[in-house]
Amino acid sequence: MFHPAKDQQEHMLGTSIIAVRYAEGVVVGADSRTTTGSYIANRVSNKLTSLHDSIYCCRSGSAADTQAIADYVRYFLDMHSMEIGNDMPLVSTAASLVRQLCYNNKEALLAGMIVAGYDPVHGGQVYSIPLGGLLVPRPYAIGGSGSTYIFSFCDANWQDDMTEDQALKFVERALAHAMARDGSSGGIIRTAVINKDGVKRGLVLGDRLPFMF
Amino acid sequence: MQFYQPQDARKHTTTPYVTGSSVVGIKFDGGVMLASDTLASYGSLARYVDFQRIKKIGDYTLVGASGELSDFQYIEKILSELVVNDFCLDDGYTLTPKEIYSYLTRVLYNRRSKLDPLWNQLVVAGHRDGEAFLGVVDLYGSSWEDDTVATGYGAYMAQPLLRKGYRPDLTANEAKKLLEDCLRVLWYRDARALNKIQVAIVTNDGVNISDSYHLDAFWDLDSAAPQTCLLYTSPSPRDRQKS
């Protein structure tokens, strides 16, 4: 029988993740801390995973579970896009696939995901898929352990129909606050702006966060 | 969360994660009415505040859910498969509310018998050919019909009010007021309730689910602020928005 070391636990994405729909698309953001217990296994991890050209998912929960889900869904979407003549798959299709995996394996998985992206049919969309496999379309969504500290911040500061700049600032401020208070979140802020022109990835380094103590 | 144990592959009892609170329902003269708040809770966190927990199934039936909402989305899917099947058969016959209720009873009972329940209390309401239907199916597969129904905390707090207020000749407006009063009591006393609600009605003219709206509440109690003390009142954020 395999006995892991007594102090070693499963790799967790104690996390702060966020996705916001704005006028022309979506902005997604995440922190970069992966922990094993209280040891930071990776301080620059990438929790924004692409499922397709203009569809991203934000991962929180077990690193292994969410990577497995993202890999499956990336494969399914790849096949699906070939089947529909190399068109862009719908964001709702990607979200539905993620939800099916999360719902049908709910006893085995610890995965809280946010699927966000752009397709030409419905524009920018954000879908929240919490534990249990519920699918909720939202104008913006937050997730991960750090999100608990910024529910009020987001309630107070989110506005509908923001510009790209406003949305990016909102995402960076929200994540900075979550990372400040949540021990399981931290590192750098990774962002991605997704619209009809594709994906533009951004970075805010750990010593330049919009908010720190 | 339990780690997946391959040797226990057949044991699946799950705990609810994202849940809905009460659903209340009452028959009135000409139809049936359901109401619920629009909250999806994550434990004690009010996670999603505009979540529809009452859905239209076919042309004559409403299903409202308490409990695990991912299981409700699954139930929505299998019911819509039934409706599509009816449409494809194209024999002029569509499922009655009672048939949907019976089907759900079977599904939920069979899941519980596999120790893998769909963690819901479902209210099934319908009106067809002049006949009203109102019933409840729960996670054990128990089911019952009644003139007034309530799930969750509502079973304790709203049901007595509904039973007192029910008359066979109730009008739609009276029914709506009664259901709103029940949800107001639940807002006062259920820590997992919200004061944004929606009301759904089904009559001979079909199904109508309202948009969500705010429920007024009464806080000017003597026990809150004795008459002798000076009260500083500022306009509530909603009133500030209006002006």
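Residues numbered from 1 in each chain as written. Chains lettered and ligands numbered in written order. Predicted model: local features only at pLDDT ≥ 70, side-chain atom pairs only at ≥ 80, totals over all residues. Heavy atoms only, no water.

(A) Highlighting the interface of chain B and chain A. Chain B puts 21 residues into the contact, and the matching count from chain A is 20 residues. For the pair chain B and chain A, the two sides together bury roughly 1800 Å², of which 59% comes from carbon and sulfur. Between the two partners, chain B and chain A, sit two salt bridges. With a shortest N-O distance of 3.2 Å, K106(A) and D71(B) are connected by a salt bridge. Viewed at the interface, chain A and chain B are joined by nine residue pairs in polar contact (both at pLDDT 80 or more). Breaking the side of chain B that touches chain A down by element, the ones donating at least two residues are β5 (45-48) and α1 (69-89) of chain B. (Contact = heavy atoms within 4.5 Å. Buried area = accessible area lost by both parts, 1.4 Å probe. Salt bridge = Lys/Arg side-chain N within 4 Å of Asp/Glu carboxyl O. Polar contact = N/O pair within 3.5 Å; in protein donor to acceptor, adjacent residues only side chain to side chain. Helix = DSSP H or I, 4+ residues; strand = E, 2+ residues; numbered from the N terminus.)

(B) Local environment of the environment of Y213(B). All names here are of chain B. Locating Y213 in the fold gives a position in strand β14 (residues 213-214). A C-alpha to C-alpha distance of 22 Å links Y213 and V124, two positions 89 residues apart in sequence. Not counting chain neighbours up to four residues away, the residues in contact with Y213 comprise K176, E180, N195, K196, I197 and V199.

(C) Just helix α1 (residues 63-83) of chain A, in detail. Residue and element names in this part refer to chain A. Here α1 is 21 residues long and its end C-alpha atoms lie 30 Å apart, about the 30 Å a rise of 1.5 Å per residue gives. Taken residue by residue, α1 has A63, D65, T66, I69, A70, V73, L77 and S81 as its buried positions. On an axial view of α1, the arc spanned by its buried residues comes to 150°, and they lie on one face. Residues of α1 that are exposed and point over 90 degrees away from its buried face: Y75, M82 and E83. Structurally, the start of α1 carries an N-cap: the backbone nitrogen of A64 is 3.3 Å from a side-chain oxygen of S62. Where α1 ends, the next residue or the one after it, G85, has phi of about 80°, a positive value. (Expected span 1.5 Å × (residues − 1). Buried < 20%, exposed > 50% of the residue type's maximum accessible area, 1.4 Å probe, protein only. Arc of directions from axis to C-beta.)

(D) Region of the structure containing the state of the cysteines. Summed over all chains, the structure comprises zero disulfides over all chains. For the unlinked cysteine C57(A), the closest cysteine sulfur is that of C58(A), found at 7.0 Å. (Disulfide = S-S within 2.5 Å.)

(E) Seen up close, the side chain of T203(B). Inspection of the secondary structure puts T203(B) in strand β12 (residues 196-203). Not counting the four nearest positions on each side in its chain, T203(B) is found in contact with F28(B), G30(B), G31(B) and H127(B).

(F) Quick peek at the confidence of the model for chain B. Residues and elements named next belong to chain B. With 87% of its residues at a pLDDT of at least 70, chain B reaches an overall mean of 90. Below pLDDT 50 for its whole length, residues 7-11 participates in two contacts with residues either more than four positions away or in separate chains. For this predicted complex, the interface score ipTM comes out at 0.81, while the overall pTM is 0.86. (pLDDT = per-residue confidence, 0-100.)

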